[in-house]
Amino acid sequence: STPDGATRHRQGSSPLAVVVRPGIDAAVAAAVVVTIVAGSRLLKRGAIDFGQNLAGFGEYTLYGKAGTEFTFRYSDMLTEDNELDFWALTSFIKSGEFQTDKYIKKSDEAETWHPSFVYHGFQYIEVSGADYEPELSDIVGVAVCSDVGDIGSFSCSDDFLNRLQHLCRWSTLANIHSFPTDD
């Protein structure tokens, strides 16, 4: 068990630990591998860079008064000005807000929240609505995928090839939610 009440265990032959936090249904978590990814740097306008693309969602520790509305926008690209770039996604948006979660605080106390029944592809999350500057410790990325396990591994003396293999593996896992979502 972790300080925040989460329990960690391996599911099947997966190399990733399943993290079951209070409030996350254990039956759902049994079929999904959850990996917590710490943000690597703060960008302007309350955005956090997670250092690589992942499929999942953010888990947020939020401060402020009850009734404060927070908006969380997810993107995998930045503009030249370090703003979230949604241009490549515009062909998918028919109405409403794409790659966006919203939450309204219930109390004046600190609250920890994550969305349910959704996952996003992202490297960056932008937080708006706060009357304070979020810190790296206020947001974690929660990467999720179906529990498929590994049948082999690769490593060599070339750091570039090891990084390439790592990115290929993450890309594959990010596209497995019940069934492969990309070709």
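Residues numbered from 1 in each chain as written. Predicted model: local features only at pLDDT ≥ 70, side-chain atom pairs only at ≥ 80, totals over all residues. Heavy atoms only, no water.

Attention now moves to the environment of C156. Relative to the assigned elements, C156 resides in the loop between strand 10 (139-146) and helix 2 (159-174). C156 has contacts with L161 and N162, leaving out every residue within four places of it along the chain. (Helix = DSSP H or I, 4+ residues; strand = E, 2+ residues; numbered from the N terminus. Contact = heavy atoms within 4.5 Å.)

Let's shift gears to helix 2. When the terminal C-alpha atoms of helix 2 are compared, their 22 Å separation across 16 residues agrees well with the 22 Å that a helix rising 1.5 Å per residue should span. Within the sequence span of helix 2, burial applies to W170, L173 and A174. Buried residues in helix 2, looked at end-on, bunch into an arc of 100 degrees, giving them a common side. With a side-chain oxygen lying 2.8 Å from the backbone nitrogen of F160, the N-terminal cap of helix 2 falls on D158. (Expected span 1.5 Å × (residues − 1). Buried < 20%, exposed > 50% of the residue type's maximum accessible area, 1.4 Å probe, protein only. Arc of directions from axis to C-beta. Polar contact = N/O pair within 3.5 Å; in protein donor to acceptor, adjacent residues only side chain to side chain.)

This next bit is on unusual backbone geometry. With glycine set apart, most residues show a phi of negative sign, and most peptide bonds adopt trans. If you check the backbone angles, Q99 has positive phi at about 60 degrees while not being a glycine. One can find Q99 in the loop between strand 6 (69-75) and strand 7 (100-104). Overall, the relative accessible area of 11% leaves Q99 in the buried class. Of note in this structure, F117 is not a glycine but carries a positive phi near 60 degrees.

This paragraph deals with the side chain of E59. Note that E59 resides in strand 5 (residues 47-62). Within polar-contact distance, the side chain of E59 engages the side chain of H114 at 3.4 Å.

Taken as a whole and assessed by the stated rule, the structure comprises 8 aromatic pairs. Summarising the aromatic geometry, the rings of Y103 and W113 are spaced 4.8 Å apart at their centres and angled 25 degrees between planes, so their arrangement reads as stacked. Pair noted here: Y103 is in strand 7 and W113 is in strand 8 (residues 111-113), with a separation of 10 residues, a long-range link. Note on accessibility: Y103 and W113 belong to one class, buried. Grouping aromatic residues by their ring pairs yields a cluster made of Y60, F70, F72, Y103 and W113. (Phe/Tyr/Trp six-rings, centres within 6.5 Å; stacked < 30°, edge-to-face > 60°.)

Before going further, it helps to spend a moment on the environment of T68. Looking at the element boundaries, T68 is found in the loop between strand 5 and strand 6. C-alpha separation for the pair T68 and G129, spaced 61 residues apart in sequence, amounts to 7.1 Å. Sequence-distant contacts of T68, defined by excluding residues within four places in its chain, comprise Y103, I104, K105 and G129. Here the side chain of T68 touches K65 through a polar contact of 2.7 Å, landing on its backbone oxygen.

Before going further, it helps to examine the pattern of salt bridges. In total, this model carries 4 salt bridges according to the counting rule given. Put simply, R73 and E126 hold a salt bridge, and the shortest N to O gap is 3.0 Å. Residue R73 is located in strand 6, and its partner E126 is located in strand 9 (residues 120-128); the two are separated by 53 residues in the primary sequence. Given a relative accessible area of 25%, R73 falls into the partly exposed group. In this structure E126 comes out as buried when scored by relative accessible area, which is 4%. Among the ionic pairs, K105 bridges to E111, the shortest N-O distance being 3.9 Å. Relative accessible area serves as the criterion here: at 3%, K105 is assigned to the buried category. For E111, a relative accessible area of 9% gives the class buried. One network of salt bridges, in which partners are shared, links E69, E97 and K102. (Salt bridge = Lys/Arg side-chain N within 4 Å of Asp/Glu carboxyl O.)

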